[in-house]
Amino acid sequence: MLSKGRAKSGSLSGSKQDERDLSRFFANSLGMLCIAGTDGYFKRLNPAWENTLGWTLKELQGKPFLEFVHPDDRAVTLAEVDRLAQGGRTIGFENRYRCKDGAYKWLQWNANSLRARRQIYAIARDVTPHKNLEREILVTSDREKERLGRELHDGLCQNLAGIAALSAALSRKLAVSAESGAVEAAGITRLLNEAIGHARDLARGLHQVGLEHLGLAAVLEAFAANVRALFPVSCTFQCNRPSLGLDPEVETHLYRIAQEAVSNAITHGRGKRIKISLSFRNRRGVLSIRDDGVGISKKSLAGISIGMHSMAYRSRSIGGALQVRRLAPRGTEVTCAFRLPPNPRKGRRHAR
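Heads up: these notes are all about the structure in this document. Note that this is a predicted model, so its numbers are computed, not measured.

Rules used throughout
- Residues numbered from 1 in each chain as written.
- Predicted model: local features only at pLDDT ≥ 70, side-chain atom pairs only at ≥ 80, totals over all residues.
- Heavy atoms only, no water.
- Helix = DSSP H or I, 4+ residues; strand = E, 2+ residues; numbered from the N terminus.
- Buried < 20%, exposed > 50% of the residue type's maximum accessible area, 1.4 Å probe, protein only.
- Polar contact = N/O pair within 3.5 Å; in protein donor to acceptor, adjacent residues only side chain to side chain.
- Expected span 1.5 Å × (residues − 1).
- Salt bridge = Lys/Arg side-chain N within 4 Å of Asp/Glu carboxyl O.
- Pairing = 2+ DSSP bridges.
- Axes fitted to C-alpha atoms, helices over the stretch in contact; angles between N-to-C directions.
- Contact = heavy atoms within 4.5 Å.

### Focus: the side chain of K131
Checked against the element boundaries, K131 lands in helix 5 (residues 128-176). According to the relative accessible area criterion, K131 is buried, its value standing at 3%. At a separation of 2.5 Å, a polar atom in the side chain of K131 contacts the side chain of E94.

In structure tokens, the structure reads:
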């Protein structure tokens, strides 16, 4: 009896010591540690949460954690929680959490669960500075592309056009006076006109002309035509209806995703047939780029390439979901699903 009592006493003492160790670990960890229930509430948090978001631990535990998640991220967050509840694991999942001052911060999660206890054990870290840097790099890149496109169109193209005009005039003079060199001058004019066409095609690819006024569908159709003119590939575009007044930033990101996917299909996939499609249904939009190339590599699928990283970031920036998959027997498909605005912008033509 005495030995049993001592054993029981020792067990209780060990349990208390474990709890003290766990409390000490939670209190001193610099990472945002948490234990959450599959019922949607935080069960335990450490002070790093309050330092990062501004809410007290009591405030965070007093409401369903989904209420602190950005509205655009709630659906994917709920799906991730459901997956964890079934015994899955989470590595590198990202969503936005609301701070007490109303701002949002990007959190990156690693989590595991115990189905028997209906609990999720997770650590989050604030990656907002990294996200801001990504955004700044993309904005700078887009701005530089726009600048180069304008320089090509307004500078080089105009200079070439002037030279072509002078060459044409010289060719006519030589032909009238029956002097030698008329045929050569005509050949120079033809080559210059071809160079002007190529330079303008390049300028259109860098500078998204007409996106603000014509809409995404019209510009993607022009982009497909431009690809056919520049490369020995078949590139088509189809849209089930004109886009419904998307925000200019959303259209810019979707356009750049299409550009990157097509560039990958030509450069890495070595595809000969590329199909760009834009569809709208049930308040959702889907941009799709399919090719018949060799198929995306495992390294690129792992998200290591800069192009993949850029497309994924652009998709997240508009609250969308990017999916890249190999097709059978060959080829790659890139899709970006995104929500349509509740109140579409009006007053803009969507020329085809």
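Once the structure has been displayed, the description carries forward.
### Description of helix 9 (residues 248-267)
Along an α-helix, residues three or four positions apart point the same way, because every turn accommodates 3.6 residues. Between its first and last C-alpha, helix 9 extends 28 Å over 20 residues, near the 28 Å set by a 1.5 Å rise per residue. The buried count for helix 9 comes to 14 of 20 residues, which makes it a mostly enclosed element. The N-terminus of helix 9 is capped by D247, whose side-chain oxygen sits 2.9 Å from the backbone nitrogen of E249.

### Comments concerning the pattern of salt bridges
Considering all chains together, one arrives at ten salt bridges under this definition. Of the charged contacts in the structure, one is a salt bridge between K43 and D39, with a shortest N-O distance of 2.8 Å. Among the residues examined, D39 registers a relative accessible area of 48% and is labelled partly exposed. Ionic contacts of the salt-bridge type, sharing partners, join the residues E94, K131 and R316 into one network.

### Focus: the sheet that holds strand 6 (residues 234-239)
Read across the open sheet, the five strands follow the order 6-7-8-10-9; overall the sheet is mixed. With partners counted over all chains shown, the strands left at the sheet margins are strand 6 and strand 9 (321-326), one partner each. Within the sheet, the average angular offset between the axes of one strand and its neighbour, ignoring direction, is 10°. Two elements, strand 8 (residues 284-291) and strand 10 (residues 332-339), share eight bridges in a ladder whose sense is antiparallel. Within the sheet, the bridge partner assigned to G285 lies in strand 10 and is F338. Those strands touched by helix 8 (residues 216-230) are strand 6, strand 7 (273-281) and strand 8, and its axis lies near 170° from that of strand 6. In this fold helix 9 packs onto strand 7, strand 8, strand 9 and strand 10, with an angle of close to 15° to the strand it touches most, strand 8.

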